[in-house]
Amino acid sequence: MRNRTTPAGIAAAAAFLLLSAVGPADADPVPGRLSYAYADADGHPAADTLRAPESGVCIDLPDLRDAPAVHLHNDSPARVTLFGTRGCLGHPLATMHPGARSAVHTFSVWLELPR
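Residues numbered from 1 in each chain as written. Predicted model: local features only at pLDDT ≥ 70, side-chain atom pairs only at ≥ 80, totals over all residues. Heavy atoms only, no water.

Looking now at the pattern of salt bridges. One pass over the structure, following the stated rule, counts two salt bridges. The shortest N-O distance in the salt bridge between Asp75 and Arg33 comes to 3.2 Å. Separated by 42 residues along the polypeptide, Asp75 in strand β6 (residues 70–75) and Arg33 in strand β2 (residues 33–39) bring together distant segments of the chain. Take Asp75: its relative accessible area is 32%, and that puts it in the partly exposed class. For Arg115, the salt bridge identified is with Glu112, shortest N-O distance 3.9 Å. Residue class for Glu112 comes out partly exposed when judged on its relative accessible area of 23%. (Salt bridge = Lys/Arg side-chain N within 4 Å of Asp/Glu carboxyl O. Helix = DSSP H or I, 4+ residues; strand = E, 2+ residues; numbered from the N terminus. Buried < 20%, exposed > 50% of the residue type's maximum accessible area, 1.4 Å probe, protein only.)

In structure tokens, the structure reads:
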């Protein structure tokens, strides 16, 4: 018997190899910023801002120790999902629309730009 390779099979294999070599797409930066308040290592009030955060990836808010961030302000065009754990694990606590403020205690966020 002869081994026959179809053009469709060759195209499928080429597409698979191309996608394997390229890897996942980079996250898009979100124009704007996400601001939040937290307690520093000494327990004093502090604030920070993520400028042009990435969209489509989980972001653990920096500088948080055992206490979560509060008083978030979404000054971006993205929808922000808030999580009460690091790594965006578990059920989301809330969703912030562009321009919204939230007092939900948060350790990590997921930003998603509108399509």
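With that settled, consider the sheet that holds strand β5 (residues 58–60). Judged by pairing direction, the sheet is antiparallel, and its four strands sit side by side in the order β5-β10-β7-β8 without closing on themselves. The two strands at the open ends of the sheet, each matched to only one other strand, are β5 and β8 (94–96). Taking the axes of each pair of neighbouring strands and ignoring which way they run, one obtains an average angle of 30 degrees across the sheet. Pairing analysis gives three bridges linking strand β7 (residues 79–83) to β8, with the strands arranged antiparallel. Each residue of the ladder has a partner; that of Thr81, found in β8, is Thr95. (Pairing = 2+ DSSP bridges. Axes fitted to C-alpha atoms, helices over the stretch in contact; angles between N-to-C directions.)

It is worth spelling out the pairing of strand β3 (residues 45–51) at this point. Within a regular beta strand, the side chains point alternately toward one face of the sheet and then the other, so they alternate between its two faces. Sheet topology note: the β2/β3 ladder contains seven bridges and is antiparallel. Bridging from a neighbouring strand, Ala37 pairs with Ala47 of β3. Linking β2 back to β3 in an antiparallel pair, the connection comprises five residues, with Gly43 at a positive phi of about 85 degrees.

Alignment of β2 against β6, held across four bridges, turns out to be antiparallel. What sits directly across from Ala37, in β6, is Val70.

Now for the confidence of the model for the protein chain. Looking at the protein chain, the pLDDT average stands at 82 and 77% of residues meet or exceed 70. Contacts of residues 8–25 to residues separated by more than four positions or lying in other chains number one contact, the stretch itself having pLDDT below 50. (pLDDT = per-residue confidence, 0-100. Contact = heavy atoms within 4.5 Å.)

This part takes up the side chain of Ser35. You can see Ser35 is positioned in strand β2. Look at Ser35 and you get buried, because its relative accessible area is 18%. For Ser35, the side chain forms a polar contact with the side chain of Thr49, separated by 3.2 Å. In this structure, Ser35 is in contact with Asp48, Thr49, His71, Leu72 and His73, ignoring residues within four places of it in sequence. (Polar contact = N/O pair within 3.5 Å; in protein donor to acceptor, adjacent residues only side chain to side chain.)

The full count for this structure, using the stated rule, is one aromatic pair. Where Tyr36 meets Tyr38, the ring centres are 5.9 Å apart and the plane angle is 40 degrees; that geometry is what we call tilted. Tyr36 gets classed as buried once you look at its relative accessible area, which sits at 2%. The buried category is assigned to Tyr38, whose relative accessible area is 12%. (Phe/Tyr/Trp six-rings, centres within 6.5 Å; stacked < 30°, edge-to-face > 60°.)

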